[in-house]
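Here's the letter readout for the chains.
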Amino acid sequence: MRSIIVCNWLSLDGFIAGPKGETDWFSWSDEIAVFYKQIHSTVDTILFGRKTYEIMAAYWPTAQSAAEDPSIIAHMNESKKIVYSETLATTNWNNTEVEKEIDPAAVKELKEQPGKDIIVYGSGSVVGRLISLNLVDHFYIMISPILLGNGKQLAAGLDHFVKLNKPEVFPFAAGGVLLKYSIS
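Residues numbered from 1 in each chain as written. Predicted model: local features only at pLDDT ≥ 70, side-chain atom pairs only at ≥ 80, totals over all residues. Heavy atoms only, no water.

- In the nomenclature of an unreviewed UniProt entry, the protein corresponds to Dihydrofolate reductase from the organism Pseudobacter ginsenosidimutans.

If you want it as C-alpha coordinates, here you go:
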(Lines give C-alpha, C1' and ligand atoms only; values in the text may rest on other atoms or scores of the structure.)
Protein backbone atom coordinates (compact mmCIF):
# COMPACT_ATOMS: atom_id res chain seq x y z
CA MET A 1 0.00 0.00 0.00
CA ARG A 2 1.18 3.51 -0.81
CA SER A 3 1.98 5.86 2.07
CA ILE A 4 1.01 9.49 2.50
CA ILE A 5 4.01 11.62 3.47
CA VAL A 6 3.68 15.15 4.82
CA CYS A 7 6.82 17.07 3.85
CA ASN A 8 6.99 20.57 5.27
CA TRP A 9 9.33 23.24 6.47
CA LEU A 10 8.67 24.35 10.03
CA SER A 11 9.94 27.34 11.95
CA LEU A 12 11.37 26.60 15.37
CA ASP A 13 8.18 28.05 16.88
CA GLY A 14 5.97 25.72 14.86
CA PHE A 15 4.75 27.47 11.69
CA ILE A 16 4.85 26.32 8.06
CA ALA A 17 4.43 29.88 6.74
CA GLY A 18 4.32 33.40 8.08
CA PRO A 19 1.03 35.16 8.89
CA LYS A 20 0.66 36.29 5.25
CA GLY A 21 1.80 32.94 3.84
CA GLU A 22 5.49 33.96 3.61
CA THR A 23 7.91 31.11 2.91
CA ASP A 24 11.00 33.11 1.99
CA TRP A 25 12.66 31.98 5.24
CA PHE A 26 13.26 28.37 4.12
CA SER A 27 16.99 27.63 4.33
CA TRP A 28 17.73 26.04 0.94
CA SER A 29 21.09 24.50 0.06
CA ASP A 30 22.59 21.96 -2.34
CA GLU A 31 22.49 19.43 0.50
CA ILE A 32 18.74 19.99 0.97
CA ALA A 33 18.21 19.77 -2.80
CA VAL A 34 19.74 16.26 -2.70
CA PHE A 35 17.26 15.31 0.04
CA TYR A 36 14.32 16.58 -2.04
CA LYS A 37 15.50 14.67 -5.10
CA GLN A 38 15.62 11.51 -2.97
CA ILE A 39 12.04 12.13 -1.82
CA HIS A 40 10.89 12.81 -5.36
CA SER A 41 12.21 9.44 -6.49
CA THR A 42 9.78 7.74 -4.07
CA VAL A 43 6.55 9.66 -4.86
CA ASP A 44 4.39 10.17 -7.93
CA THR A 45 1.35 11.99 -6.55
CA ILE A 46 1.14 15.37 -4.79
CA LEU A 47 -1.80 16.57 -2.68
CA PHE A 48 -2.41 20.30 -2.24
CA GLY A 49 -4.81 22.75 -0.68
CA ARG A 50 -5.86 25.61 -2.95
CA LYS A 51 -3.46 28.26 -1.61
CA THR A 52 -0.36 26.07 -1.84
CA TYR A 53 -1.48 24.83 -5.25
CA GLU A 54 -1.84 28.37 -6.59
CA ILE A 55 1.67 29.29 -5.38
CA MET A 56 3.19 26.16 -6.92
CA ALA A 57 1.18 26.40 -10.17
CA ALA A 58 2.33 29.98 -10.64
CA TYR A 59 5.98 28.92 -10.41
CA TRP A 60 6.77 25.37 -11.57
CA PRO A 61 5.29 25.25 -15.08
CA THR A 62 7.62 28.06 -16.18
CA ALA A 63 10.56 27.37 -13.82
CA GLN A 64 13.91 27.68 -15.58
CA SER A 65 16.57 25.00 -15.22
CA ALA A 66 19.19 27.70 -14.63
CA ALA A 67 17.47 28.55 -11.33
CA GLU A 68 16.20 25.09 -10.40
CA ASP A 69 17.38 21.52 -10.72
CA PRO A 70 15.82 19.99 -13.88
CA SER A 71 14.84 16.83 -12.00
CA ILE A 72 12.90 18.86 -9.41
CA ILE A 73 11.16 20.81 -12.19
CA ALA A 74 10.26 17.53 -13.91
CA HIS A 75 8.94 16.00 -10.68
CA MET A 76 6.72 18.98 -9.93
CA ASN A 77 5.36 19.22 -13.47
CA GLU A 78 4.98 15.52 -14.31
CA SER A 79 3.58 14.17 -11.04
CA LYS A 80 -0.13 13.63 -10.62
CA LYS A 81 -1.57 16.49 -8.57
CA ILE A 82 -4.81 16.58 -6.59
CA VAL A 83 -6.05 19.92 -5.26
CA TYR A 84 -8.66 20.01 -2.49
CA SER A 85 -10.68 23.19 -2.90
CA GLU A 86 -14.29 24.28 -2.59
CA THR A 87 -13.63 27.37 -4.73
CA LEU A 88 -11.17 26.36 -7.45
CA ALA A 89 -13.07 25.49 -10.61
CA THR A 90 -10.32 24.91 -13.19
CA THR A 91 -6.61 24.27 -13.33
CA ASN A 92 -4.01 24.98 -15.96
CA TRP A 93 -1.14 22.90 -14.56
CA ASN A 94 -0.81 19.53 -16.28
CA ASN A 95 -1.77 16.30 -14.50
CA THR A 96 -3.98 18.18 -12.02
CA GLU A 97 -7.45 17.35 -10.83
CA VAL A 98 -9.65 19.21 -8.36
CA GLU A 99 -11.67 17.60 -5.59
CA LYS A 100 -14.17 19.70 -3.62
CA GLU A 101 -13.43 17.89 -0.38
CA ILE A 102 -11.28 15.17 1.11
CA ASP A 103 -13.29 11.97 0.76
CA PRO A 104 -11.71 9.39 3.11
CA ALA A 105 -12.83 6.46 0.94
CA ALA A 106 -11.33 8.06 -2.19
CA VAL A 107 -8.03 8.74 -0.42
CA LYS A 108 -7.89 5.15 0.88
CA GLU A 109 -8.58 3.95 -2.68
CA LEU A 110 -5.78 6.20 -3.96
CA LYS A 111 -3.41 4.67 -1.39
CA GLU A 112 -4.37 1.17 -2.59
CA GLN A 113 -3.65 1.92 -6.26
CA PRO A 114 -0.32 0.80 -7.71
CA GLY A 115 2.37 3.42 -7.79
CA LYS A 116 4.80 5.29 -5.64
CA ASP A 117 4.00 7.10 -2.40
CA ILE A 118 1.89 10.27 -2.11
CA ILE A 119 3.22 13.55 -0.72
CA VAL A 120 1.70 16.72 0.72
CA TYR A 121 3.64 20.01 0.60
CA GLY A 122 2.42 22.95 2.71
CA SER A 123 -1.39 22.82 2.77
CA GLY A 124 -1.92 23.00 6.55
CA SER A 125 -5.70 22.55 6.40
CA VAL A 126 -5.35 19.50 4.13
CA VAL A 127 -2.68 18.06 6.45
CA GLY A 128 -4.92 18.61 9.49
CA ARG A 129 -7.87 16.91 7.80
CA LEU A 130 -5.78 13.94 6.55
CA ILE A 131 -4.32 13.44 10.04
CA SER A 132 -7.79 13.66 11.60
CA LEU A 133 -8.92 10.91 9.21
CA ASN A 134 -5.86 8.75 10.13
CA LEU A 135 -4.59 8.82 6.54
CA VAL A 136 -1.06 10.20 7.05
CA ASP A 137 1.74 7.66 7.47
CA HIS A 138 4.95 9.74 7.71
CA PHE A 139 6.15 13.25 8.39
CA TYR A 140 9.34 14.72 6.93
CA ILE A 141 9.71 17.96 8.85
CA MET A 142 12.50 20.41 8.01
CA ILE A 143 13.10 22.58 11.08
CA SER A 144 14.46 25.92 9.93
CA PRO A 145 16.56 27.98 12.36
CA ILE A 146 14.10 30.89 12.60
CA LEU A 147 11.35 32.12 14.92
CA LEU A 148 8.35 33.63 13.12
CA GLY A 149 6.22 34.59 16.12
CA ASN A 150 3.01 33.92 14.22
CA GLY A 151 1.86 32.15 11.09
CA LYS A 152 0.15 29.18 9.48
CA GLN A 153 0.05 25.93 11.41
CA LEU A 154 1.37 22.57 10.26
CA ALA A 155 -1.94 20.80 10.89
CA ALA A 156 -4.69 23.42 10.97
CA GLY A 157 -7.93 22.05 12.38
CA LEU A 158 -6.43 18.88 13.86
CA ASP A 159 -8.99 17.62 16.37
CA HIS A 160 -7.03 15.08 18.43
CA PHE A 161 -3.58 14.10 19.67
CA VAL A 162 -1.42 12.03 17.35
CA LYS A 163 1.46 9.99 18.75
CA LEU A 164 4.56 9.77 16.57
CA ASN A 165 7.44 7.31 16.74
CA LYS A 166 10.96 8.37 17.67
CA PRO A 167 12.32 10.37 14.73
CA GLU A 168 15.28 9.82 12.51
CA VAL A 169 17.30 13.05 12.73
CA PHE A 170 19.43 14.53 9.94
CA PRO A 171 21.21 17.86 10.54
CA PHE A 172 22.05 20.09 7.58
CA ALA A 173 25.09 22.31 7.29
CA ALA A 174 22.85 25.34 6.54
CA GLY A 175 21.52 25.08 10.10
CA GLY A 176 18.27 23.20 9.57
CA VAL A 177 17.36 19.75 10.80
CA LEU A 178 15.24 17.10 9.11
CA LEU A 179 13.04 15.01 11.39
CA LYS A 180 11.49 11.88 9.88
CA TYR A 181 8.54 10.58 11.88
CA SER A 182 6.11 7.72 11.40
CA ILE A 183 2.72 7.61 13.04
CA SER A 184 2.55 5.08 15.89
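So that's the structure; there's more coming.
### Concerning the packing of helix H1 (residues 30–40) against helix H3 (residues 70–78)
Thought 1: Interhelical geometry of H1 versus H3 gives an angle of 40° and a closest axis separation of 10 Å. Overall, the two elements H1 and H3 adopt an arrangement that is oblique. The crossing of H1 and H3 is left-handed. Only Ser-71, Ile-72 and His-75 of H3 make contact with H1, whose side of the interface consists of Ala-33, Lys-37 and His-40.
Thought 2: The class makeup of the residues in the contact of H1 with H3 is two nonpolar, three polar and one charged. (Axes fitted to C-alpha atoms, helices over the stretch in contact; angles between N-to-C directions. Helix = DSSP H or I, 4+ residues; strand = E, 2+ residues; numbered from the N terminus. Parallel < 35°, antiparallel > 145°, perpendicular 65-115°, else oblique. Left-handed = near helix turned anticlockwise from the far one by under 90°. Contact = heavy atoms within 4.5 Å. Nonpolar A, V, L, I, M, F, W, Y, C, P; charged D, E, K, R; others polar.)

### Focus: the environment of Arg-50
Thought 1: Along the chain, the position of Arg-50 falls in helix H2 (residues 50–59).
Thought 2: Relative accessible area serves as the criterion here: at 27%, Arg-50 is assigned to the partly exposed category.
Thought 3: Measuring from C-alpha to C-alpha, the distance between Arg-50 and Gly-21 comes to 13 Å, with 29 residues separating the pair along the chain.
Thought 4: Each residue touching Arg-50, except ones within four places of it in the same chain, is listed here: Val-83, Tyr-84, Ser-85, Thr-87 and Leu-88.
Thought 5: Separated by 3.3 Å, the side chains of Arg-50 and Thr-87 make a polar contact. (Buried < 20%, exposed > 50% of the residue type's maximum accessible area, 1.4 Å probe, protein only. Polar contact = N/O pair within 3.5 Å; in protein donor to acceptor, adjacent residues only side chain to side chain.)

### Section: the pairing of strand E6 (residues 117–121)
Walk down a regular strand and you will see the side chains alternate between the two sheet faces.
Thought 1: Burial within E6 is extensive, with four of its five residues counted as buried.
Thought 2: Bridge count between strand E1 (residues 4–11) and E6: four bridges; the pairing is parallel. Bridge assignment links Cys-7 to a residue of E6, and that residue is Tyr-121.
Thought 3: Judged from the four bridges that link them, strand E3 (residues 43–49) and E6 form a sheet pairing that is parallel. Bridging from a neighbouring strand, Leu-47 pairs with Val-120 of E6. (Pairing = 2+ DSSP bridges.)

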